[in-house]
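# Architecture and fold: a report
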Amino acid sequence: GGAPPEDHPEVRLARAEAARAEAEAALATAQARPGWRVGVDLRTERDDRAADARTSTGVRLSRALGVDPGASAQAAALAGAAAGAARRAAAAQLRVEAVRAEAEAGLTAARTVLAAAQARAAASASALELTERGWREGQLSFLERLRARADDAQARRALAIARIAVHAAVSAFNQSQGLVP
């Protein structure tokens, strides 16, 4: 057994992309709002020609009255992209779950075929042995012997193919679990 579908590498990658897109959208939304401006004022003033100069200092706060429409549009576009990335992450998880179910069904089917191929190979080996004995005793023809050998060869070939199919199904199952690349 592998990790749960949420920990599958494909799903983790899709979720990381969705999180990055959401962070970009949040940053663009924050930047689209009118910001505060802070300034320091220094003024030197004189009442008349003979008086000493007075310096006054102050802090100035200002905020724009409107928003930048281009920034708002960009923030909306990034929010849409973030929603799309979240949907792709959910679709990736569903796809991984479907591939896992398919791989498990394929493995079960391959093992069933292997069991049937083993039974057929055992039966054909037994039939070949009986046919060889009958041919040696002169009770069966040479064609019967050839037919039994061909059946045995086909059964062994089917058994080898079934074993390969089981190994391929195990590999597909492991990949669907995220265990191997």
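Let me sum up the structure you'll find in this document. (Residues numbered from 1 in each chain as written. Predicted model: local features only at pLDDT ≥ 70, side-chain atom pairs only at ≥ 80, totals over all residues. Heavy atoms only, no water.)

### Details of the pairing of strand β1 (residues 36-45)
Stated formally: Burial classes follow relative accessibility: with a 1.4 Å probe on protein chains only, a residue under 20% of its type's maximum area counts as buried, one over 50% as exposed, and anything between as partly exposed. Numbering of helices and strands runs from the N terminus, with a helix taken as a DSSP run of H or I at least four residues long and a strand as a DSSP run of E at least two residues long. In this scheme, strands are said to pair when DSSP sees at least two bridges between them.
For β1, the tally of buried residues reaches only one of ten residues, placing the bulk of the element at the surface. Judged from the ten bridges that link them, β1 and strand β2 (residues 54-63) form a sheet pairing that is antiparallel. Bridge pairing in β2 places Thr 44 opposite Thr 55.

### A word on the packing of aromatic side chains
As a reminder, the rule being used: Each Phe, Tyr or Trp ring, with Trp reduced to its six-membered ring, pairs with another whose centre is within 6.5 Å; inter-plane angles below 30 degrees give stacked pairs, above 60 give edge-to-face pairs, and intermediate values give tilted ones.
Summed over the entire model, instances satisfying the criterion amount to one aromatic pair. Between Trp 135 and Phe 142, the aromatic rings sit 6.5 Å apart at their centres with planes inclined by 55°, giving tilted as the arrangement. Overall, Trp 135 belongs to the partly exposed group, its relative accessible area being 32%. By relative accessible area, Phe 142 is classed as partly exposed at 47%.

### Details of the nonpolar core
Note the threshold: Nonpolar cores are built from buried Ala, Val, Leu, Ile, Met, Phe, Trp, Tyr and Cys residues. Side-chain atoms within 4.5 Å join them into one set. Contact between two residues is taken to exist if any of their heavy atoms lie within 4.5 Å; hydrogens are not considered.
The biggest cluster of nonpolar side chains holds twelve residues, and these are Ala 103, Leu 107, Ala 110, Leu 114, Ala 117, Ala 121, Ala 155, Leu 159, Ala 162, Val 166, Ala 169 and Phe 173. Only α2 (69-136) and α3 (142-177) provide two or more residues apiece to this core. Ignoring anything within four residues of it in the chain, the contact list for Ala 103 reads Ala 172, Phe 173 and Ser 176. If you look at the next biggest cluster of nonpolar residues, it comprises five residues, including Ala 18, Ala 25, Ala 82 and Ala 85.

### Some points on the environment of Gln 177
Secondary-structure assignment places Gln 177 in helix α3. Separated by 168 residues in the primary sequence, Gln 177 and Pro 9 have C-alpha atoms spaced 9.5 Å apart.

### A look at the side chain of Arg 100
The test is simple: Any pair of nitrogen or oxygen atoms within 3.5 Å is treated as a polar contact; in protein, a donor-acceptor pairing is required on top of that, and neighbouring residues in sequence qualify only through side-chain atoms on both sides.
In this structure, Arg 100 sits in helix α2. In terms of polar contacts, Arg 100 uses its side chain to reach the backbone carbonyl oxygen of Gln 177, at 3.3 Å.

### With respect to α2
For an α-helix, the turn length of 3.6 residues means that residues three or four places apart are oriented alike. What counts is decided by this rule: By this rule the span expected of a helix is its residue count minus one, scaled by 1.5 Å.
Here α2 spans 97 Å end to end across 68 residues, near enough to the 100 Å set by a 1.5 Å rise per residue. Just beyond α2, the residue with positive phi is Gly 138, at close to 85°.

### Observations concerning the packing of helix α1 (residues 9-32) against α2
Rule in force here: Axes, fitted as lines to C-alpha atoms, cover a helix only where it is in contact. Angles between the N-to-C directions of the axes lie from 0 to 180 degrees. When an angle is under 35 degrees it counts as roughly parallel; over 145 it counts as roughly antiparallel; between 65 and 115 it counts as roughly perpendicular; any other value is oblique. In this scheme the crossing of two helices becomes right-handed for a clockwise turn of the near helix relative to the far one and left-handed for an anticlockwise turn of less than a right angle. In the scheme used here, Gly and all other residues not listed as nonpolar or charged are polar, with Ala, Val, Leu, Ile, Met, Phe, Trp, Tyr, Cys and Pro taken as nonpolar and Asp, Glu, Lys and Arg as charged.
Between α1 and α2, the least distance of the axes is 8 Å, while the angle of their chain directions is 165°. Taken together, the axis directions place α1 and α2 in an arrangement best described as roughly antiparallel. Regarding α1 and α2, the two cross each other, and that crossing is left-handed. A per-class count over the contact of α1 with α2 returns 18 nonpolar, three polar and seven charged.

### Description of α1
Over its 24 residues, α1 runs 35 Å from end to end, which matches the ideal 34 Å to within 8%, given 1.5 Å per residue. Within the sequence span of α1, burial applies to Val 11, Ala 14, Ala 18, Ala 21, Ala 25, Ala 28 and Ala 32. Buried-residue contacts for α1 involve α2.

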